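If you want the building blocks of each chain, they are given just below.
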Amino acid sequence: MSQVGALVRDWRTRRRLSQADLADQAEVSTRHLSCIERGRAHPSREMVLVLASALDVPLRERNTLLQAAGFAPAYRETDLGDPQMAQVRQALDLVLAGHEPYAAVVVDRTWDVVRTNAPWRLLAAQILGRTDGPPNLLRAIFDPDGLRPHLVNWEEVARATLQRLRREATVEGDEALLALYHELRGRAPDHVLRDEASAPPPLLIPVRLRVGDTVLSLFTTLTTLGTPTDVTLSELRIEQYFPADAATAAWVRDTVAPLLGR
């Protein structure tokens, strides 16, 4: 089996598709697809991209497929700080500012924090004693010097975090995410790990965060950029925090909004 053929088969298995299903979506014969997977036929650059699209492979891994087939990557990976990204940074800042007085943060594929809004920095200062906040959002949840001691429902949040991260690592085929998943599992007690493996994913778990003498109840949404053609942009996510009860909404209105001059 060729390297690219093995990768195509791996992604097809991840997506739980038969050869017939994938061949139909990619508009190729099942026989030709079988030959590609077994290394008896070498796919063209166009065929690799067609199969990757049919399999909904992330852009980073589409480049990996192309390189495995002997072709140059099709998608560039531009640092967010690059001058070419000025308009993107401006757009992200507009979204973050537009969510105020509620906290919001931009993370990359491994949940490293790359951009924040003012309410996020205010909360970080009150909870962690520093305005820059945690460098990695998920590690902070499991860090005894990070968010962990301030999360009233830490076990629920930890379990949901591990479940989500495991799903992401599987769907994305991302070894860095898988490594992060195993790292965080190593910081969780056994009963959380047992529940994480057996419990169905929750529909919604509010994050109950203690700030001083107040317990905030928050839920989050994740937003991605539409139809990106750059690897970096395809992996950015905006996590926005919303009040899950009236008391939290009132706290934000009375405590955060005035600090923002509202």
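Cut-offs and rules
Residues numbered from 1 in each chain as written. Predicted model: local features only at pLDDT ≥ 70, side-chain atom pairs only at ≥ 80, totals over all residues. Heavy atoms only, no water. Phe/Tyr/Trp six-rings, centres within 6.5 Å; stacked < 30°, edge-to-face > 60°. Helix = DSSP H or I, 4+ residues; strand = E, 2+ residues; numbered from the N terminus. Buried < 20%, exposed > 50% of the residue type's maximum accessible area, 1.4 Å probe, protein only. Axes fitted to C-alpha atoms, helices over the stretch in contact; angles between N-to-C directions. Parallel < 35°, antiparallel > 145°, perpendicular 65-115°, else oblique. Left-handed = near helix turned anticlockwise from the far one by under 90°. Contact = heavy atoms within 4.5 Å. Salt bridge = Lys/Arg side-chain N within 4 Å of Asp/Glu carboxyl O. Nonpolar A, V, L, I, M, F, W, Y, C, P; charged D, E, K, R; others polar. Core = buried A, V, L, I, M, F, W, Y, C linked by side-chain atoms within 4.5 Å. 1 Å grid on protein atoms, 1.4 Å probe; cavity = no way out; pocket = protein on both sides within 12 Å on 5 of 7 lines; lining within 4 Å. Points joined across faces, edges and corners; volume = space filled by probe spheres on them.

**Focus on the packing of aromatic side chains**
Turning to step 1, where the next piece is worked out: Scanning the entire structure with this criterion turns up 3 aromatic pairs.
Turning to step 2, where the next piece is worked out: Considering the side-chain rings of tryptophan 120 and tyrosine 241, the 6.0 Å spacing of their centres and the 40° angle between planes classify their relative orientation as tilted. Of the two residues, tryptophan 120 sits in helix H7 (residues 118-128) while tyrosine 241 sits in strand S5 (residues 237-243), which places them 121 residues apart along the sequence.
Turning to step 3, where the next piece is worked out: Aromatic pair phenylalanine 142 and tryptophan 154: ring centres 5.8 Å apart, planes at 80°, arrangement edge-to-face. Separated by 12 residues along the polypeptide, phenylalanine 142 in helix H8 (residues 137-142) and tryptophan 154 in helix H9 (residues 154-172) bring together distant segments of the chain. One exposure class covers both phenylalanine 142 and tryptophan 154, and it is buried.

**Some points on the packing of helix H2 (residues 19-26) against helix H3 (residues 30-37)**
Turning to step 1, where the next piece is worked out: Where H2 meets H3, the closest approach of the two axes is 9 Å, and the angle between their N-to-C directions is 110°. Of the possible angle classes, the one that applies to H2 and H3 is roughly perpendicular. Seen along the crossing, H2 lies across H3 with a hand that is right-handed. Between H2 and H3, the contacting residues are Gln19, Ala20, Leu22 and Ala23 on the first element and Thr30, Leu33, Ser34 and Glu37 on the second.

**Describing the pattern of salt bridges**
Turning to step 1, where the next piece is worked out: Overall, the coordinates contain 13 salt bridges when judged by the stated rule.
Turning to step 2, where the next piece is worked out: Between aspartate 10 and arginine 14 there is a salt bridge, with its nearest N and O atoms 3.0 Å apart. You can see aspartate 10 and its partner arginine 14 sitting in helix H1 (residues 3-14), 4 residues apart, about one turn around the helix.
Turning to step 3, where the next piece is worked out: Accessibility expressed as a relative area gives 34% for aspartate 10, which makes it partly exposed.
Turning to step 4, where the next piece is worked out: On the basis of relative accessible area, arginine 14 is assigned to the partly exposed category, the value being 29%.
Turning to step 5, where the next piece is worked out: The shortest N-O distance in the salt bridge between aspartate 93 and arginine 115 comes to 2.7 Å. Of this pair, aspartate 93 sits in helix H6 (residues 86-98) while arginine 115 sits in strand S2 (residues 113-116), placing them 22 residues apart in sequence.
Turning to step 6, where the next piece is worked out: Through salt bridges that share partners, Arg60, Glu77, Arg109, Asp174 and Glu235 make up one connected network.

**Quick look at the packing of helix H4 (residues 45-54) against helix H5 (residues 59-68)**
Turning to step 1, where the next piece is worked out: H5 packs onto H4 with a crossing angle of 145° between their chain directions and a minimal axis gap of 10 Å. Between H4 and H5 the crossing geometry is right-handed. Side by side, H4 and H5 meet where Arg45, Val48, Leu49, Ala52 and Ser53 of the first sit next to Arg62, Leu65 and Leu66 of the second.
Turning to step 2, where the next piece is worked out: Here the residues of the contact of H4 with H5 are counted per class, giving 5 nonpolar, 1 polar and 2 charged.

**With respect to the nonpolar core**
Turning to step 1, where the next piece is worked out: If you look at the biggest cluster of nonpolar residues, it comprises 38 residues, and the most contacted ones within it are Leu137, Phe142 and Leu151.
Turning to step 2, where the next piece is worked out: By residue number, the principal contributor to this core is H9, which donates 6 residues.
Turning to step 3, where the next piece is worked out: Other than its neighbours up to four places away in sequence, leucine 137 contacts Val105, Val107, Trp111, Val113, Trp120, Glu239 and Tyr241.
Turning to step 4, where the next piece is worked out: Ranked by size, the runner-up nonpolar core spans 23 residues in total, among them Leu22, Ala26, Ile36 and Met47.

**Focus: the layout of surface pockets**
Turning to step 1, where the next piece is worked out: Empty space within the largest pocket amounts to approximately 680 Å³.
Turning to step 2, where the next piece is worked out: Every residue lining the largest pocket is counted, 32 residues in all, and those nearest its centre are Val157, Arg164, Val207, Thr220 and Glu239.
Turning to step 3, where the next piece is worked out: At the level of secondary structure, the elements contributing two or more residues to the lining of the largest pocket comprise H7, H8, H9, strand S3 (207-211), strand S4 (214-224) and S5.
Turning to step 4, where the next piece is worked out: In terms of residues, the lining of the largest pocket owes the most to one element, H9, which gives 6 residues.
Turning to step 5, where the next piece is worked out: Size it by volume and the second largest pocket reaches roughly 440 Å³.
Turning to step 6, where the next piece is worked out: Lining of the second largest pocket is provided by 19 residues; of these, Pro58, Leu59, Glu172, Ser234 and Glu235 occupy positions nearest its centre.
Turning to step 7, where the next piece is worked out: Within the residue set of the lining of the second largest pocket, elements represented by two or more residues are H5, H9 and helix H12 (231-235).
Turning to step 8, where the next piece is worked out: Considering each element in turn, the lining of the second largest pocket owes the most residues, 4 residues, to H5.

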